[in-house]
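Next come the chains, spelled out residue by residue.
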Amino acid sequence: MPLSTLNDEQLSAATAPLGQNLIIASAGTGKTSTIVGRIAHLLNEGMDPSKILLLTFTNKAAGEMIARLERYFPKKVVSRIESGTFHAVSYRWLKELHPHLALKQPSELKTLFRSIYEKRNFERMNLPLSPFSATYLYEMYSLYQNASLEGFDEWFLEKYPEHEVIMDAYMDIVQEFEQEKIDYGFASFNDLLLRMKSHLEENTIHFEEVLVDEYQDTNTLQGALIDTLKPRSLFCVGDYDQSIYAFNGANIENIATFSKRYPDANVFTLKTNYRSTAPILSLANRVIERNERIYPKKLEVGRHGKTHPPRLLMYKDLFEQYQAIAQSIKHTHVPNDSIAVVFRNNSSADGIEASLREVGIPCKRKGGTSFFDAKEIKFLLDLLSLLVNPKDMMAFIHIFEYASGVGSALSKEFFQCFLHFGNGDFMQGVLYPINSELPKLNPNKNVQLGLFDDDHDIGSATRFKHLDLPHYVYGHPLLKHPKIIQDGVKFFNDFYRLMNEIKSEKNPAKILRTAISSKLYNGIIEMLSIQRGRLKTGEVDEEKKKVARERIYRKANLLLDLSRQYRELGRFVNAMVLGGGELSEGEGVNLLTVHASKGLEFPEVYVVDLVDGRFPNRKMMSSIEEERRLFYVAVTRAKDKLYLSLAQYDKVKKIDYKPSQFLHEAGLIKGEFVEPEPKKKGVKKTVEA
């Protein structure tokens, strides 16, 4: 049984009485085993599995825990446990209440937000300051939803009081954005939690115990959702030294104030580390103990045998560092997929990736642009989403934004036209329009909110007679739209042909095959490969363009491979939208941001660019304490060998670098860290310690 494998400190936590229990689980101390042991204990005590809720940071983590439980309990018992991320669980519950709910990615909703923002003409409002951009306003609103329970205007004006003069317009944009999401059945990841919290305030779901993994990374909204669940017992597992998501709204106070909020709480500490060797743990302890100790603890070694002290690698030049690491990896006996290169900034990964490929070493990158965020993949998923839900305006906008001369605001108008042409049926409006007149689309005038009428005369389809269009396109009422231009008409023609071909197909693989070979998608490929093949001079490098085209096809075919295990289009789209960020592409050396490395472990780890300004990143950091926690997470990914690397000079940018203060704190660089003086170019020599 799971309990028999636990050490004393893990067993004590796993068998704690029902109530409020906080488990401080340091890196590598077996928190997963403890959570699995806890659930096993509850089941052994006779708790109904349907009364257990397990909330994790990733769906993969939940799946691994459930899989472990199935080794000891019947699958029909374990399957009744409610498990997944906050978002996945809320999505399942809400889909039962609202079957047509469509979960949209941040990039999609940002486009919707921008289409609403673009209707405002701030220049005509005679403002004393420049308004924030649509993108920044959207990002601040998203952060607010995670971080605060007060009104957006109050929260926003605390940060930017000078924007009070324009706050009414901001609020109007936000309110219209929220209304459009409701009208079209859209939900953001934040909305899942907000709507679930609202539902739970009126309809209680009774759980005997709620278990929360990675509790240090919960935000204010997630904390409020846990409170709203009102479980009989709470079992929260986390480590404040690994709280690294403040930039995304994580609230370290959730874990820091647990004992104050629950005066009768039990606090358990797992301090025996089974992952890393003693020298690696010693280094991690020396650095992290400089942060304030909320709950006293110190990692202890749980494994013995031969050890390798962490090595400091110093190089003269930045790219020399990357090339040397690539050569080191090439000559190691450790398998490629057992090696990780961890970095604070995405720019570090570019040099490492290029150097590895130069010496023929495969690698996979996670923490930068996701495979599922690549434009060529997003376009295909938008096509599928539109077939699943023909009222998915965001999917349509993303597709039509590729038409020359058509932005997000005009795409939205086209979508509303198609609904009008089909009497509310989008596909009817595209393929077999009933209404032949354009709808009224423009807003009413409101100077205070930045809204202005922008009336246009109806256009004539005769403008496009020279294009030699098929009769079904030439006669389409969309061609009467005054803002549509020749390129937009050609794009619509290709879109029409593809939609007509796949309108009745349900198999995702067949639809994708048709879409990938379509004229519409080939136009997208051509556009993207030209963009990616363009040099800084503006010229297109044909070889670079060819490589870009091959990569696009490779990614499209990977998506096609993923689709083959699904028979239902809706299930495939849901899996890609909800879980896509957790899937990684390719194989080989793992290139990971610190955030992406969290929860993982590798026999051999390189932490690169450990110089002041890059790690810690003084431009992006919320506090030096959080940067120190990032360093702690990075080094504790290593099981056997840890390499800490830096360069002293960047010859491209002509910048001198000082070693990171964390190397001073770790004792690898002698003396206390001193803030660097203004940088001067100097001759450096390679040092390896």
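Residues numbered from 1 in each chain as written. Predicted model: local features only at pLDDT ≥ 70, side-chain atom pairs only at ≥ 80, totals over all residues. Heavy atoms only, no water.

Draft legend 1. The arrangement of the sheet that holds strand 2 (residues 52-56) in detail. Pairing is parallel across the open sheet formed by six strands, whose spatial order is 3-2-6-7-1-8. The sheet is open, and its two borders are formed by strand 3 (82-85) and strand 8 (266-270), each paired with just one other strand. For this sheet, the mean angle separating the axes of adjacent strands, direction not counted, is 15 degrees. In terms of strand pairing, strand 6 (residues 209-212) meets strand 7 (residues 233-238) through four bridges, oriented parallel. Bridging from a neighbouring strand, Val-212 pairs with Cys-236 of strand 7. This element, helix 5 (residues 86-97), spans strand 2, strand 3 and strand 6 of the sheet and lies at about 125 degrees to strand 3. (Pairing = 2+ DSSP bridges. Helix = DSSP H or I, 4+ residues; strand = E, 2+ residues; numbered from the N terminus. Axes fitted to C-alpha atoms, helices over the stretch in contact; angles between N-to-C directions. Contact = heavy atoms within 4.5 Å.)

Draft legend 2. Molecular detail of the packing of aromatic side chains. What the rule picks out here adds up to 46 aromatic pairs. With centroids separated by 6.1 Å and ring planes inclined at 85 degrees, the aromatic side chains of Tyr-138 and Phe-177 adopt a geometry described as edge-to-face. Taken together, the residues Tyr-138 in helix 7 (residues 134-147) and Phe-177 in helix 9 (residues 167-184) connect sequence positions 39 residues apart. With a relative accessible area of 6%, Tyr-138 lands in the buried category. For Phe-177, a relative accessible area of 2% translates into the label buried. Seen from their ring centres, Tyr-141 and Phe-152 are 5.1 Å apart, and the 85 degrees between their planes marks the pair as edge-to-face. Taken together, the residues Tyr-141 in helix 7 and Phe-152 in helix 8 (residues 152-159) connect sequence positions 11 residues apart. Phe-152 matches Tyr-141 in its accessibility class, with the two residues each being buried. Over the ring of Phe-186 we find Lys-104; its NZ or CZ atom is 5.5 Å from the centre of that ring. (Phe/Tyr/Trp six-rings, centres within 6.5 Å; stacked < 30°, edge-to-face > 60°. Buried < 20%, exposed > 50% of the residue type's maximum accessible area, 1.4 Å probe, protein only. Lys NZ or Arg CZ within 6 Å of the ring centre and 35° of its normal.)

Draft legend 3. Representation of the pairing of strand 2 within the structure. Among the five residues of strand 2, five are classified as buried, and the element is accordingly described as predominantly covered. Both strand 2 and strand 6 contribute to a ladder of four bridges, which runs parallel. What sits directly across from Leu-55, in strand 6, is Val-212. One ladder, built from four bridges, connects strand 2 with strand 3; its direction is parallel. Within strand 3, the residue paired with Leu-53 across the bridge is Glu-82.

Draft legend 4. Structural view of the side chain of Asn-219. Take Asn-219: it is sitting in the loop between strand 6 and helix 11 (220-229). Asn-219 gets classed as buried once you look at its relative accessible area, which sits at 6%. Here the side chain of Asn-219 touches Gln-222 through a polar contact of 2.7 Å, landing on its backbone nitrogen. (Polar contact = N/O pair within 3.5 Å; in protein donor to acceptor, adjacent residues only side chain to side chain.)

Draft legend 5. Quick peek at the pattern of salt bridges. Per the stated rule, a full pass over the model turns up 37 salt bridges. Between Lys-31 and Glu-214 there is a salt bridge, with the nearest N and O atoms lying 3.6 Å from each other. Remark: Glu-214 occurs in the loop between strand 6 and helix 11 and Lys-31 occurs in helix 2 (residues 31-44); sequence separation between them is 183 residues. With its nearest N and O atoms 3.2 Å apart, the salt bridge here joins Glu-626 to Arg-629. Here Glu-626 and its partner Arg-629 are both found in helix 28 (residues 624-635), three residues apart, which amounts to about one turn of the helix. The two residues Glu-626 and Arg-629 agree in class, both being buried. Put simply, Lys-31, Asp-213, Glu-214, Asp-217 and Lys-598 are held in one network by salt bridges that share partners. (Salt bridge = Lys/Arg side-chain N within 4 Å of Asp/Glu carboxyl O.)

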